[in-house]
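# Residue-level structure breakdown
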Amino acid sequence: MAPASSLSAWSDLHSHHESVGKNIVLKDAFKNDPKRFDKFTRKITLPADISSGSNGTDIIFDFSKNLITEETLDKLVKLAEEAGVEKKRDAMFAGEKINFTEGRAVYHAALRNVSNQAMKVDGVDVMNAKGGVNDVLEHMRVFSEQVRSGEWKGYTGKKLTTIINVGIGGSDLGPVMVTEALKHYGAKDMTLHFVSNIDGTHIAEALANSDPETTLFLIASKTFTTAETTTNANTAKSWFLEKTGGKGDIAKHFVALSTNESEVTKFGIDAANMFGFESWVGGRYSVWSAIGLSVALYVGFDNFHKFLAGAHAMDQHFQQAPLRENIPAIGGLLSVWYSNFYGAQTHLVAPFDQYLHRFPAYLQQLSMESNGKTITSDGSPAKYTTGPILFGEPCTNAQHSFFQLVHQGTKLIPSDFILAAKSHNPVSDNLHQKMLASNYLAQAEALMVGKTAEEVRAEGNVPEELVPHKVFMGNRPTTSILVGGAIGPAELGALIVYYEHLTFTEGAVWDINSFDQWGVELGKVLAKKILKEIDEEGAGSGHDSSTGGLLGAFKAYGGF
Ligand SMILES: O=P(O)(O)OC[C@H]1O[C@](O)(CO)[C@@H](O)[C@@H]1O
């Protein structure tokens, strides 16, 4: 594919930005067009049998408070067409090896293919092959039901009620985020710990509160070679054997979620207690795979299945909807519009939902590990900016910390706000939910309308020298996502996949490989070398004076 900047739609968008885009005044656009909300809002309805309420849940994506006109949307769609977004999407869903630097298919959609459509990689039916998607799901179902019912017992015959997931990156963030998001559905007698950091504090704190007789360890690692995970897993194993006086049965208390059977068995976990998946599942897309076992254990397999089904509904929408109606494609194209034509560097995602408090952290890996790339498909550096810095926190908390910059800073920060119409906790007669919703609506409105100097003066009693400080520029774009019910497993699945395919669309336009992550390797290699040097005499070799100086100081202060 050609670099995005060489496409005619790209130059056309540049001219359009100059003549139209940078002059759009959103509040005027709304005044001039009473139908603007209808024109730029898209909706997906999830099937009733998987939705959190008795009717199918609508999820509304209101793109109308973005800096676009109908013409802008047409031109962005043209860009997607010229960049081959649909062709690339179809290649992904056909199991082609679109991860071209690793020679792999990108097939996480198969993991949530609950309608069991034929999906093949290299001619192999990944759904129904032995050890394929359906077999692993069945293994997860049986195991999660046995643990939840107490039929699967620890070595002293007790029910396992503490789950410690040991994993990092995608083998941690998805399970943490989803179990937090679905806490309402979680087993009340289960305690979950997610240990990811190599900082010994993480595993020590989890173990300190756990009883080896009732603890189940899930060692979650696609490769089973990640230093943090293997080190934490070995520490957990030693703790378990020590605490049980060597009588603890590893087979009853340790399972592996991995693609690497030989490393799993080397570690001491029986292959029968391994839940597998394939190399075509990228780490940041692995929550749908065996890596999601903690989710199935916590919320039950039926809910895990609904989670997959909600994701599948959004996959089908992405595959079938024309670009102009295609919700994730529009989200991705807007990101390109702001990144490449307005010079925006960031993307804020703020869920007005406490259960979604880890959602932005999850999306950070999804977005930034996918599209934090410079090199395009022909090996040359991109002549344009690529992946934005994604960040966020739940609201209303974020409003009381960094929203100052979003409202009055010098940067343009395209923002997504997410709200569910129904709360799982309608306390105080829904007062909290109404206040939450009022903030969700008010923030987007305030960012758009701003406040002029005249309006500040009209408030009265404002000394003239304070007026400029109280002005809000406004015209700051937001996308408002409204879940027309409560956020249950299916709704959450659909929301995650919205961001997955948004990220896909961005990467497809930017002509980069969104599916490798070579950028994490250099630091890993250097850390290995330095680890050795900590145990050797001196302050290492071949380092700059800062690294060498700090290494020496660390050893001296730390007594190493
Ligand atoms: O599941 P694994 O193989 O332990 O990898 C963990 C994480 O490490 C990374 O490879 C980055 O170092 C991520 O892509 C991945 O999610």
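Each remark here, short or long, concerns the structure printed above.
Please read all numbers here as calculations on a predicted model, not as lab measurements. The residue numbering used here restarts from 1 in each chain and proceeds along that chain's sequence as written. Only residues with pLDDT of at least 70 get local features here, since the model is predicted, and only at 80 or more are side-chain atom pairs given and counted; chain-wide, interface and lining totals rely on the full set of residues. In computing side-chain values, all of the structure's heavy atoms are included and hydrogens and water are not.

In this section: the nonpolar core. Each nonpolar core is a collection of buried residues, namely Ala, Val, Leu, Ile, Met, Phe, Trp, Tyr and Cys, held together in the definition by side-chain atoms within 4.5 Å. Type-normalised accessible area, obtained with a 1.4 Å probe on protein chains alone, sets the label of each residue: buried when under 20%, exposed when over 50%, and partly exposed for intermediate values. If you look at the biggest cluster of nonpolar residues, it comprises 124 residues, and the most contacted ones within it are Trp280, Leu492 and Tyr499. Per-element accounting of this core gives the leading share, 13 residues, to helix 20 (residues 489–510). An automatic or database domain assignment is the source of the domain bounds shown. Of the domains in this structure, domain 1 (4–94 + 321–510) and domain 2 (133–299) are the two that each give at least three residues to this core. What makes two residues a contact is simply this: any of their non-hydrogen atoms within 4.5 Å. Those residues within four positions of Trp280 in sequence are excluded, and the remaining contacts are Ala105, Val106, Tyr107, His108, Ala110, Leu111, Val121, Val126 and Val133. Segments assigned H or I by DSSP are reported as helices when at least four residues long, segments assigned E as strands when at least two residues long, and all are numbered from the N terminus.

For the rest of this paragraph, the subject is the site of the ligand. Note on terminology: near, applied to a residue and a molecule or strand, indicates that one of the residue's heavy atoms is within 4 Å of it. Every one of the 14 residues lining the ligand counts as a neighbour, but Ser171, Ser221, Lys222, Thr223 and Thr226 are closest to it. Separating an oxygen atom of the ligand from a backbone N or O atom of Lys222 is a distance of 2.7 Å. Coverage of the ligand by the protein amounts to 89% of the 400 Å² it exposes when considered alone. For the shell around the ligand, the secondary-structure elements that each account for two or more residues are helix 7 (170–181) and helix 15 (359–371). Residue classes follow a fixed rule: Ala, Val, Leu, Ile, Met, Phe, Trp, Tyr, Cys and Pro count as nonpolar, while Asp, Glu, Lys and Arg count as charged, and any other residue, Gly among them, counts as polar. Classifying every residue of the shell around the ligand by side-chain character gives two nonpolar, nine polar and three charged. Pairs of N or O atoms within 3.5 Å make up the polar contacts considered here, provided that, within protein, one atom can donate a hydrogen while the other can accept it, and that residues adjacent in sequence are counted only when both atoms are side-chain atoms. All accessible-area figures derive from a Shrake-Rupley calculation using a 1.4 Å probe, and residue coverage is judged against the displayed protein chains alone.

Strand order across the open sheet formed by five strands is 6-5-7-8-9, with parallel pairing between neighbours. Taken across any chain shown, the strands that pair with only one partner, and hence form the sheet edges, are strand 6 (191–195) and strand 9 (274–276). Each neighbouring strand pair of the sheet contributes to a mean axis angle of 15°, computed without reference to strand direction. Bridge count for strand 5 (residues 162–166) against strand 7 (residues 215–220) is five bridges, and the pairing is parallel. Bridging across to strand 7, Asn165 finds its partner in Leu218. Strand pairing follows a simple DSSP-based rule, namely that at least 2 bridges must link the two strands. Helix axes are fitted only over the stretch in contact, all axes being lines through C-alpha atoms; the angle between N-to-C directions runs from 0 to 180 degrees.

Right, let's get into the packing of helix 14 (residues 327–341) against helix 20. With their axes 7 Å apart at the nearest point, helix 14 and helix 20 run at an angle of 50° to one another. Looking at the two axes, helix 14 sits oblique to helix 20. Between helix 14 and helix 20 lies a crossing of right-handed hand. Contacts between helix 14 and helix 20 involve Ile327, Pro328, Ala329, Gly331, Gly332, Leu333, Ser335, Val336, Ser339 and Asn340 from the first element and Tyr498, His501, Leu502, Thr505, Glu506, Val509 and Trp510 from the second. Split by residue class, the contact of helix 14 with helix 20 holds nine nonpolar, seven polar and one charged. Angular relationships are summarised with four words: roughly parallel below 35 degrees, roughly antiparallel beyond 145, roughly perpendicular across 65 to 115, and oblique for the angles in between. Handedness of a crossing is defined here by the sense of rotation of the near helix relative to the far one, left-handed for an anticlockwise turn of less than a right angle and right-handed for a clockwise turn.

Bringing the side chain of His317 into the picture now. If you trace the backbone, His317 turns up in helix 13 (residues 301–320). By relative accessible area, His317 is classed as buried at 14%.

A few words on the pattern of salt bridges. For salt bridges, the criterion is a side-chain nitrogen of Lys or Arg within 4 Å of an Asp or Glu carboxyl oxygen. On inspection of all chains with the given rule, the structure shows 29 salt bridges. The salt bridge involving Arg112 is made with Glu500; its shortest N-O contact spans 2.8 Å. With a gap of 388 residues between them, Arg112 in the loop between helix 5 (85–93) and strand 3 (120–121) and Glu500 in helix 20 connect regions that are remote in the sequence. An identical accessibility class is assigned to Arg112 and Glu500; each is buried. Arg457 serves as the salt-bridge partner of Glu464, at 2.7 Å between the closest nitrogen and oxygen. By sharing partners, the salt bridges in this structure join Asp12, Glu71 and Lys75 into a single network.

Take unusual backbone geometry next. Omega for the peptide link from Cys395 to Thr396 comes to 20°, which places this bond in the cis form. Within the fold, Thr396 resides in the loop between strand 11 (389–391) and helix 16 (403–408). You will see that Phe224, though not glycine, has its phi angle at about 60°, which is positive. Here Phe224 is to be found in the loop between strand 7 and helix 9 (227–243). A positive phi angle is found at Asp429, which is not glycine, with a value near 55°. With respect to the helices and strands, the residue Asp429 is situated in helix 17 (residues 427–449).

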